[in-house]
Amino acid sequence: MAVIHHTVLKPTKLELLTSWLPTRPWYVGGAGGPEPAKAGGFRLDDPQGEVGIEFMVVTDTAGPHPAAYLVPLTYRGAPLEGAEHALVGTMEHGVLGRRWVYDGCQDPVLVVQLLALIEGRVQAQDQSTSDTPDREVTRSCTGDAPTTSFLTAQLTASAVDDRDGTELAAPNGTTLRLRRLLTPVPDDEPLLPPEATGHVAGPWLTPAGTRERSLFAVLLTAPRT
């Protein structure tokens, strides 16, 4: 299990996101830049204990309308080779020293653990407390699970941002889509699109303190031929 260190970060995660979010095509804030606030999320464990994995939800009230974003991040003790384009920034950790922070959609360690979560082989962990499962994060996987080791390199290499999220597509037709601009799902509406074969969803708080729930990730697998 990952150990959560309650220590000083310079710059903070939110300070890094203040400059990084406006570079994303799914950012809808104003010209003055975002004012991100932590609003929820969860963590996953790296079995090797080397990479921090966090799925952070941040809200932003700087634009014409409040917005909520899903920001998967990985924290590494050394640069990830070939991933310069995915670097969010670096920060100094009070316990671990310098950390390289990456857009997790393009980090194979995060992608393999996200697929494992969808398949039910690992459990979401609390964002701020060590060794504590987050039971409010839900997941599902119907039919045959994808071959994770085969898909991971293909999916991370194909990660593409658009106006709503990030899509990772493998040549065999399997697609993993992460919702970046979050939309609350009302209790009386279905959570999943009909073509989905797997998902991850979780709660977050609006700037007004209202508790919402959104779909974070959707898996679509190719039909057998």
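This report concerns the structure included in the present document.

The subject of this paragraph is helix α2 (residues 108-119). Given a rise of 1.5 Å per residue, twelve residues ought to cover 16 Å, and the 16 Å separating the end C-alpha atoms of α2 matches this to within 8%. Burial analysis of α2 places ten of its twelve residues in the buried class, which makes it a mostly covered element. Regarding α2, the residues found buried are Val109, Leu110, Val111, Gln113, Leu114, Leu115, Ala116, Leu117, Ile118 and Glu119. Between the side-chain oxygen of the N-cap and the backbone nitrogen of Val109 there are 3.0 Å, and the N-cap of α2 in question is Asp107. Just beyond α2, the residue with positive phi is Gly120, at close to 85 degrees.

Turning to the sheet that holds strand β1 (residues 9-10), a few remarks are in order. Taken together, six strands build an open sheet; the order of strands is β1-β5-β6-β4-β3-β2 and the sheet is antiparallel. Among the strands making up the open sheet, the edge pair consists of β1 and β2 (36-44). Where strand β5 (residues 87-93) lies against strand β6 (residues 97-103), six bridges are found, and the strand directions are antiparallel. Bridge assignment links Met91 to a residue of β6, and that residue is Arg99. The strands that helix α1 (residues 13-20) touches are β1, β2, β3 (52-60), β4 (67-76), β5 and β6; relative to β5, the one it contacts most, it runs at about 155 degrees. α2 rests against β2, β3 and β4 of the sheet, and its axis sits at about 85 degrees to β3.

Bringing empty space enclosed by the protein into the picture now. As enumerated under the stated definition, the model contains two cavities of 30 Å³ or more in all. One number sums up the size of the second largest cavity: a volume of about 30 Å³. Grouping the constituent residues of the lining of the second largest cavity by class yields three nonpolar, one polar and one charged.

This part is about the packing of aromatic side chains. Across all of its chains, the model carries five aromatic pairs by this definition. Each ring, one from Phe42 and one from Phe216, has its centre 6.3 Å from the other, and the planes form 10 degrees; the classification is stacked. Remark: Phe216 occurs in strand β12 (residues 211-220) and Phe42 occurs in strand β2; sequence separation between them is 174 residues. The residues Phe42 and Phe216 share a single accessibility class, namely buried. An aromatic cluster of three or more residues is present, and its members are Trp20, Trp26, Tyr27 and Tyr69.

This paragraph deals with the pattern of salt bridges. Evaluation of the coordinates by the stated rule reveals ten salt bridges. Among the salt bridges present, the one from Lys13 reaches Glu54, with a minimum N-O distance of 2.8 Å. With Lys13 in helix α1 and Glu54 in strand β3, this residue pair connects regions lying 41 residues apart in the sequence. One exposure class covers both Lys13 and Glu54, and it is buried.

The next subject is the pairing of β12. Across four bridges, the pairing between strand β10 (residues 175-179) and β12 is antiparallel. The residue bridging Thr175 from the neighbouring strand is Leu220, located in β12. As paired strands, strand β11 (residues 198-205) and β12 are joined by eight bridges and run antiparallel to one another. Bridge pairing in β12 places Gly202 opposite Ser214. As consecutive antiparallel partners, β11 and β12 are separated by five residues, and within that stretch Gly209 has a phi angle of approximately 90 degrees, a positive value.

What follows deals with the side chain of His199. Within the element layout of this structure, His199 appears in strand β11. Among the residues examined, His199 registers a relative accessible area of 6% and is labelled buried. Engagement of the side chain of His199 in a polar contact is seen with the side chain of Ser140, the distance being 2.6 Å. With residues up to four places along the chain from it excluded, the contact list for His199 reads Ile118, Thr138, Arg139, Ser140, Leu191, Leu192, Leu215, Ala217 and Val218.

About the criteria used
Residues numbered from 1 in each chain as written. Predicted model: local features only at pLDDT ≥ 70, side-chain atom pairs only at ≥ 80, totals over all residues. Heavy atoms only, no water. Helix = DSSP H or I, 4+ residues; strand = E, 2+ residues; numbered from the N terminus. Expected span 1.5 Å × (residues − 1). Buried < 20%, exposed > 50% of the residue type's maximum accessible area, 1.4 Å probe, protein only. Polar contact = N/O pair within 3.5 Å; in protein donor to acceptor, adjacent residues only side chain to side chain. Pairing = 2+ DSSP bridges. Contact = heavy atoms within 4.5 Å. Axes fitted to C-alpha atoms, helices over the stretch in contact; angles between N-to-C directions. 1 Å grid on protein atoms, 1.4 Å probe; cavity = no way out; pocket = protein on both sides within 12 Å on 5 of 7 lines; lining within 4 Å. Points joined across faces, edges and corners; volume = space filled by probe spheres on them. Nonpolar A, V, L, I, M, F, W, Y, C, P; charged D, E, K, R; others polar. Phe/Tyr/Trp six-rings, centres within 6.5 Å; stacked < 30°, edge-to-face > 60°. Salt bridge = Lys/Arg side-chain N within 4 Å of Asp/Glu carboxyl O.

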